[in-house]
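Analysis of the macromolecular model
What follows is the residue order along each chain.
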Amino acid sequence: MHEMAITQSVVETVCERLEGAPARALTLEIGRLSGVVPDAVRFCFDMAADGTALAGARLDITEPDGRARCRACTNEFRLDDLIALCGCGSADVEITGGQELRIRSVEVL
Ligand SMILES: [Zn+2]
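Position numbers for residues start from 1 in each chain and track the written sequence from start to end. Note on the predicted model: pLDDT of at least 70 is required for a residue's local features to be given, and 80 or more for side-chain atom pairs to be given and counted; whole-chain, interface and lining totals, by contrast, use all residues. By convention in this description, side-chain values take in all heavy atoms of the structure and omit both hydrogens and water.

Time to look at the environment of isoleucine 83. Helix and strand assignments come from DSSP, with helices taken as H or I runs of at least 4 residues and strands as E runs of at least 2, each series counted from the N terminus. Relative to the assigned elements, isoleucine 83 resides in the loop between strand S4 (76-79) and strand S5 (93-97). For the pair formed by isoleucine 83 and leucine 101, sequence separation is 18 residues and the distance between their alpha carbons is 19 Å.

A separate point is the UniProt feature "binding site: Zn(2+)" (unreviewed entry) in the chain. UniProt positions are given in the numbering used here, feature names are shortened, and annotations may be inferred rather than shown by experiment. Mapped onto this numbering, the UniProt entry annotates "binding site: Zn(2+)" (unreviewed entry) at Cys70, Cys73, Cys86 and Cys88. The greatest C-alpha distance among the annotated residues, which extend across 19 residues, is 8.7 Å, indicating that they converge on a single site. Position of cysteine 70 relative to the elements: it lies in strand S3 (residues 66-70). Note on classification: 1.4 Å probe, protein chains only; a residue is buried when its accessible area is under 20% of the maximum for its type, exposed when over 50%, partly exposed between these limits. For cysteine 70, a relative accessible area of 0% gives the class buried.

Paired strands, in this sense, are two strands between which DSSP finds at least two bridges. Ordered in space as S2-S1-S6, the three strands form an open sheet in which the pairing is mixed. The sheet terminates laterally at strand S2 (58-62) and strand S6 (101-108), the two strands that pair on one side only. Shown here is a sheet whose adjacent strand axes are inclined to one another by a mean of 20 degrees, direction ignored. Examined bridge by bridge, strand S1 (residues 23-30) and S6 share seven bridges and lie antiparallel to one another. Residue glutamate 29 lies in a different strand from S6, and its bridge partner there is arginine 102. The contact definition used throughout considers only heavy atoms, calling two residues in contact when any of these lie within 4.5 Å. Between N-to-C directions, angles cover 0 to 180 degrees, with each direction set by a line fitted to C-alpha atoms, over the stretch in contact for helices. Sheet strands in contact with helix H1 (residues 2-18) are S1 and S6, and its direction is about 45 degrees off that of S6. Helix H2 (residues 38-49) contacts S1 and S2 of the sheet and is inclined by roughly 170 degrees relative to S2.

See the structure below:
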């Protein structure tokens, strides 16, 4: 599973930075266009965190909306999927948000 590998690498990264200090909570930002399913990450988290500094930590996930900007008319709009098409008919659209996959904060004990 895609999300298991992602969750494991997040847990590894956090544990490396914390150098073994136990954490109470972890907040991740997973954009709606990132292709990562937050529920699957939640499901994998306890397993990935088991035996690490993140064991028993709370996982919070924020899900920023997809955002795009049209290069033809400079209109900015919300994007629900990766099919980027502006209302003006142009498909020359730059995705400006929603593809994030990052660690937002870690609360240490
Ligand atoms: Zn446009």
